[in-house]
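Fold and geometry: a report
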Amino acid sequence: MVDRLVHSEANARRIAQVETCFGGSGQPLTGPGRVLVGEGVLTKLCRKKPKPRQFFLFNDILVYGNIVINKKKYNKQHIIPLENIKLQSLEDNGELRNGWLIISPTKSFAVYAATATEKSEWMAHINKCIQDLLAKGDKRPMQEHAAVWVPDSEANVCQHCNRTKFTPIQRRHHCRNCGRVVCGACSSKKYLLPHMSSKPLRVCLTCYDNLSKGRMQPENAGKQQPMAAMLNDDSSDDSDDDSGTDNTDGDRPSFYDGSQPR
């Protein structure tokens, strides 16, 4: 079905509409062989609180952005190549239900669907697109993955020294390597994590010491904390917490490949 959609007018129209909704702030999304497989609203666990985000699944990339006007205008576009994505299902935790982790080299974070059925549909479609993309043989996944950040609300004291209490003056910081919430003194070092940035990034003192001495590989850092309680938003995405609207119409996601994933 995806192959039949490649050259269809409906697919070209859908992709053009997505580009229009992002406007000049977004990158062009039309490309050879690219198909818009599905779209819908998911709740993304941001640094401060969960926020609705519009997601677009293509056969080679996953795109998401902040909702300014539902179905009409989005901003803060993010694009993740599918070959670098891994999914990990999350157990329900209180009000956070029907969730899974989207893990990639540059960003890793939790998202939540409105129902268990929608979670199953999203995960099945994403995994099928990844499987088909890798089967073609011209894409190879990166081995490194960004750590998933511990939410601010989960840490009242520094998770490195276990002494410094966070206040409006004593700010929270995140180690880019392990994802823990740490104080300024415990994250005064920076280290180059090439899969995330071309510039050295803030890391905690333990990760800096281990990375410098070769005792830790960056891609293993995300395993240091329980995955279900974490998120990732790098510093360039901090404004992601406070912008966009919370109002959506609650429509089910739309998938255009005609399949009914199991």
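These notes cover the structure that comes with them. The shown structure was predicted, so the numbers you read here are calculated from the model rather than taken from an experiment. (Residues numbered from 1 in each chain as written. Predicted model: local features only at pLDDT ≥ 70, side-chain atom pairs only at ≥ 80, totals over all residues. Heavy atoms only, no water.)

Details of helix 2 (residues 9-22)
Under the convention used in this document: In this description a helix means any DSSP run of H or I spanning at least four residues, a strand means any run of E spanning at least two, and both kinds are numbered starting from the N terminus. Expected helix span is taken as 1.5 Å per residue step, with the number of steps being one fewer than the number of residues. For the exposure calls, accessible area comes from a 1.4 Å probe over protein chains only, and a residue counts as buried if that area is under 20% of its type's maximum, exposed if over 50%, partly exposed in between. Directions pointing from the helix axis toward each C-beta atom define the arc.
Given a rise of 1.5 Å per residue, 14 residues ought to cover 20 Å, and the 20 Å separating the end C-alpha atoms of helix 2 matches this to within 8%. Listing the buried residues of helix 2 in full gives Asn-11, Ile-15, Val-18, Cys-21 and Phe-22. End-on, the buried residues of helix 2 take up no more than an arc of 120°, which puts them together on one face. Within helix 2, the exposed residues directed more than 90 degrees away from the buried face are Glu-9, Arg-13 and Thr-20.

So, the nonpolar core
As a reminder of what qualifies: To qualify as a nonpolar core, a set must consist of buried Ala, Val, Leu, Ile, Met, Phe, Trp, Tyr and Cys residues joined through side-chain atoms within 4.5 Å.
Formed by 24 residues in total, the largest nonpolar core has its most connected members in Phe-55, Leu-57, Leu-82, Ile-85, Trp-100, Ile-102 and Trp-122. Counting only elements with at least two residues in this core, the list comes to strand 1 (36-45), strand 2 (50-58), strand 3 (61-69), strand 6 (99-103), strand 7 (108-112) and helix 3 (116-135). Broken down by element, the residue count for this core peaks at 6 residues, all from helix 3. Within the second largest apolar cluster, 19 residues are counted, among which are Cys-175, Val-182, Cys-186 and Met-196.

Points about the environment of Tyr-256
Counted only if it meets this: Pairs of N or O atoms within 3.5 Å make up the polar contacts considered here, provided that, within protein, one atom can donate a hydrogen while the other can accept it, and that residues adjacent in sequence are counted only when both atoms are side-chain atoms.
Within the fold, Tyr-256 resides in the segment after strand 12 (254-255). Engagement of the side chain of Tyr-256 in a polar contact is seen with the side chain of Glu-39, the distance being 2.7 Å.

What to know about the side chain of Ser-104
Spelled out, the test is: Note on contacts: a residue pair is in contact if any heavy atoms of the two residues lie within 4.5 Å.
Mapped onto the fold, Ser-104 is located in the loop between strand 6 and strand 7. Given the relative accessible area of 0%, Ser-104 is considered buried. In this structure Ser-104 touches Ile-80, Asn-84, Ile-85, His-145 and Ala-146, once residues within four positions along its chain are discounted.

Some points on the pattern of salt bridges
Rules: Throughout this description, the term salt bridge denotes a Lys or Arg side-chain nitrogen within 4 Å of a carboxyl oxygen of Asp or Glu.
According to the stated counting rule, one finds 6 salt bridges in the structure shown. Glu-118 is paired through a salt bridge with Arg-252; the nearest N and O atoms lie 4.0 Å apart. One end of the pair, Glu-118, is in helix 3; the other, Arg-252, is in the loop between helix 4 (205-212) and strand 12, and 134 residues separate them in sequence. On the accessibility criterion, Arg-252 (45% relative accessible area) is partly exposed. Because the salt bridges share partners, they merge into one network encompassing Glu-118, Glu-121 and Arg-252.

Points about the packing of aromatic side chains
As a reminder of what qualifies: Here is the rule: rings of Phe, Tyr and Trp (six-membered ring for Trp) pair when centre to centre is within 6.5 Å. Planes less than 30 degrees apart are stacked, more than 60 are edge-to-face, and the remainder are tilted. Should the NZ of a Lys or the CZ of an Arg lie within 6 Å of a ring centre and within 35 degrees of the ring normal, that charge is described as sitting over the ring.
Tallied over the entire structure, the rule returns 8 aromatic pairs. Judged by centre distance (6.5 Å) and plane angle (40°), the rings of Phe-55 and Phe-109 are tilted. Highlighted residues: Phe-55 in strand 2 and Phe-109 in strand 7, separated in sequence by 54 residues. Of the two residues examined, Phe-55 and Phe-109, each falls in the buried class. Ring pairs connect the aromatic residues Phe-22, Phe-56 and Tyr-74, which therefore count as one cluster. Positioned above the aromatic ring of Tyr-256, the side-chain terminus of Arg-14 is 3.9 Å from the ring centre.

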